[in-house]
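Observations on the three-dimensional arrangement
What follows is the residue order along each chain.
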Amino acid sequence: MHTEHTIESPNERQNRHKAMEAVHILNALKEDFKSPLKSMDYFYDLYEKVYCRHEPLHEGKTKIGTMCIQIPSEIIYALDAVPIRLCNGFYTDDEIGSDLMPQKSCPLVKATVGWFASDNFTDKPSIVYSPTTCDQKTKAGVILKEFGHDVIDVGFPRTKESEESRAYWRESVKHFAVNLSKFQGKKLTRSNMENSIKKVGYAQSLYHRLCDYRKEHKVPILGVEMFLITNAFFFDRIDSWMSAVEKILLELEERKRSSVHVAGKASPRIVYTGSPPIFPNYKIPLIIENSDALIVADESCSSNRMFNDMVSVDEWNLYDMIDSVSDKYLKACTCPIFTQNDDRIRRIVRLVRDYSADGVIYQAFAGCQVYEMEQRSVLAAMEREGIPILYIESDYSPSQQGQLTTRVEAFIESLKNRKRMKK
Amino acid sequence: MRYFVGIDIGSTAIKISVADENKNLVGHKISASGSMFYKYAQEALSELLKELNIESDQVIYTVATGYGRKLFKEADENISEITANAIGAQQAAKGVAQIKTIINIGGQDSKAISLDAEGNVVNFAMNDRCAAGTGKFLDVVAMNLEIGVDELESYHFKSVGTPLSISSTCAVFAESEIIGLLGNNHSVEDIVSGVHYSIAKRIVKLVKRVGVKEGVYFDGGPALNGGLVNAIENELGYKIFIPEYPQITTSYGAAVMACDAYLSESVS
């Protein structure tokens, strides 16, 4: 006996898997918390559109894939193209990529490779720029090339203190700009560059305004909601993203006036750092916020690192602007790929102070070597500063939920105890 | 006429198959295992023989299999359910399909068996997490949703939304997840298809461990659930073979074994 139903194609199966993962997280955001923001509906709908209904967002536009947030989006927007950040959080793509990468590699990179291996896109990038940041992304770019995608390497230095690095990176960015400009058949001009810097700068300023509300004693927005908002910047139309965030800001202002607090009275305030939570891999943030704690700030590339530092231009001439843009992506970056990274420690400590946090949770993907390695210096620094910190390793599989929850809960309870003892 | 009996004493049900000398299935019976395996098995066997008008002396050879096989002392021989399942599946699909992999979902466990070209068992794997993704799991789900187990199929195909995945592998935790989903007014249809896909993903992982090849045979009670069949087919990416009576494959395999045992003895 055979059933008469048709069988899904591999792409249909992958789409269903993605939809199931996406809906699972979106439902958790909508349903698990006491006061979800109404203006988040824009983002729920956006994610459903892209990951459940698989509808394209950028028809008629040139999509530029970037392997890492280090590719200056200001230049992409200036040339009238759309950046699509290819960092991927789907377990189903991670599983596909696992067959193509070494066993112990980073799930995020495996997921990106798996995504390209299946060549199943709703907004397919016409060209991919791959900055030589971490080893795995650098080599993953080569794998994508083998699949027949157009991939251009953009040389990125691994030290940031020296003048040589700065000069090298500025040169790389110029090459990138020339290459993309040829690809697009469009010229980079003083005016389109200036407009683009200002536009991205405005988006960043919106992020900073969102963060200001998280410094309050009563916090009107959840950390997981923030991740969903900042993550949308990876692929959304920048103008609609900005107007959606403006609406969120209005609602937050209202909440501030009526003293809404999204967490409990005793909920510890957490700074989240480490490997980036990329939708729908919000496993750890959700565990934290479901365990009566609140993420008030983060130090990760899918959120804070992408928005924190502004381009500072001296002279609004084309070459000066390009150099200033380059500097933002190198000098301000706190990525652990750099040899020395005291900036990252300083930033974490500052976030803890500015946001009155009670502790830090440091999450590294198993296989994300640089974050795993930098754990030592960060933990030592936090100890010196007297800041409690929990280090956890996890991956994209849904299976370790129980053990991870217990560890996080125990840490949060210890933070609560500390608070009570102080009083 | 000579007859051969295969009796499979499982955690949830006792399955009995009777085969003739040509290894054709002439009758079968399924009854609940209950608390007294041995007594119920004896009763079920004598009832079945009566229905088929077979005298007990016409039964030449009896093979027992399943968890409770050692409790059935009248058996001439007993074999593991892995071997019995492999033999039964190939006999049931004979002339229709070439079976290379078997998925069996029972009351409290699930198995994946891979066969070589001659039909020998080369590898098998069993679930290692209690009742996760088994027949019992489906019972619990149906009970929570206040529908019958036999209704799961129609709910599955009526689902229009995204299947709602269940992340717990434990039947007890899954229960609270399902109650949570119901509390948030999600449709029963999407929950049912989500449960099916969650089980299907897990079972496909299990069969991948034994090296799945196209030519998959699916048996055990849950194979009656077309929704689960559809989910497994989608996860695998191809059609699978479902026998006419999915619950009795293993007991049928034991009956075929009984026949083979008799034939080889009478030859020698």
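Residues numbered from 1 in each chain as written. Chains lettered and ligands numbered in written order. Predicted model: local features only at pLDDT ≥ 70, side-chain atom pairs only at ≥ 80, totals over all residues.

Thoughts on the overall build of chain A
When its secondary structure is counted, chain A shows 16 helices and eight strands. For a compact globule of 423 residues, the expected C-alpha radius of gyration is about 22 Å, and chain A comes in at 21 Å, within 12% of that figure. Out of the 423 residues in chain A, the part that is buried amounts to 49%. Partitioning the intrachain contacts of chain A with sequence separation of at least 6 by distance along the chain shows that 74% fall at a separation of at least 24. (Helix = DSSP H or I, 4+ residues; strand = E, 2+ residues; numbered from the N terminus. Rg over C-alpha atoms; globule rule 2.2 N^0.38 Å. Buried ≥ 20, exposed ≤ 12 C-beta atoms within 10 Å, placed from the backbone. Contact = placed C-beta atoms within 7 Å.)

Quick word on the overall build of chain B
Of the regular secondary structure elements, chain B holds eight helices and nine strands. Against the compact-globule benchmark of 18 Å for 268 residues, chain B has a radius of gyration of 19 Å, which places it among compact chains. Along the first, second and third principal axes, the C-alpha set of chain B runs to 65 × 40 × 30 Å. For chain B, the residues scored as buried account for 53% of the 268 residues in total.

Focus on the interface of chain B and chain A
Interface size, as often reported, equals the accessible area lost upon joining of the parts. The interface of chain B with chain A comprises 18 residues on the first partner and 16 residues on the second. Looking at the side of chain B that touches chain A residue by residue, the classes come out as six nonpolar, eight polar and four charged. (Nonpolar A, V, L, I, M, F, W, Y, C, P; charged D, E, K, R; others polar.)

Things to note about the sheet that holds strand β3 (residues 127-131) of chain A
In a beta sheet, neighbouring strands are held together by backbone hydrogen bonds and run either parallel or antiparallel to one another. All names here are of chain A. The four strands lie next to each other as β2-β1-β3-β4, forming an open sheet whose pairing is parallel. This sheet does not close on itself; its edge strands, each paired only once, are β2 (82-85) and β4 (151-154). Each strand axis lies, on average, 30° off the axis of its neighbour in the sheet, ignoring direction. As paired strands, strand β1 (residues 63-66) and β2 are joined by four bridges and run parallel to one another. By the bridge assignment, Thr66 is partnered in β2 with Arg85. Relative to the sheet, helix α6 (residues 135-146) contacts β3 and β4, its axis offset from that of β4 by approximately 160°. Each of β1, β3 and β4 touches helix α7 (residues 163-184); the most contacted strand, β4, lies at about 155° to it. (Pairing = 2+ DSSP bridges. Axes fitted to C-alpha atoms, helices over the stretch in contact; angles between N-to-C directions.)

Examining the domain arrangement of chain B
Residue and element names in this part refer to chain B. Taken domain by domain, chain B consists of domain 1 (1-93 + 247-268) and domain 2 (98-242). A separation of 27 Å is found between the C-alpha centroids of domain 1 and domain 2. Facing 13 residues of domain 1, the contacting portion of domain 2 comprises 17 residues. Considering each element in turn, the side of domain 1 that touches domain 2 owes the most residues, six residues, to helix α2 (residues 81-92). (Domains from an automatic or database assignment.)

Overview of unusual backbone geometry
Cis peptide bonds are those with omega within 30 degrees of zero, and the linkage from A:Phe279 to A:Pro280 qualifies with 0°. Relative to the helices and strands, A:Pro280 resides in the loop between β5 (269-274) and α11 (283-290). Unlike most non-glycine residues, B:Lys23 shows phi in positive territory, near 65°. Take B:Lys23: it is sitting in the loop between β2 (13-20) and β3 (25-32).

Some points on the sheet that holds β5(A)
Residues and elements named next belong to chain A. Ordered in space as β6-β5-β7-β8, the four strands form an open sheet in which the pairing is parallel. Each of the sheet's edge strands pairs with one partner strand only, and the pair in question is β6 (294-299) and β8 (389-394). Averaged over all neighbouring strand pairs, the angle between strand axes comes to 25°, with direction disregarded. Judged from the six bridges that link them, strand β7 (residues 359-365) and β8 form a sheet pairing that is parallel. Its bridge partner lying in β8, Ala364 is registered against Glu393.

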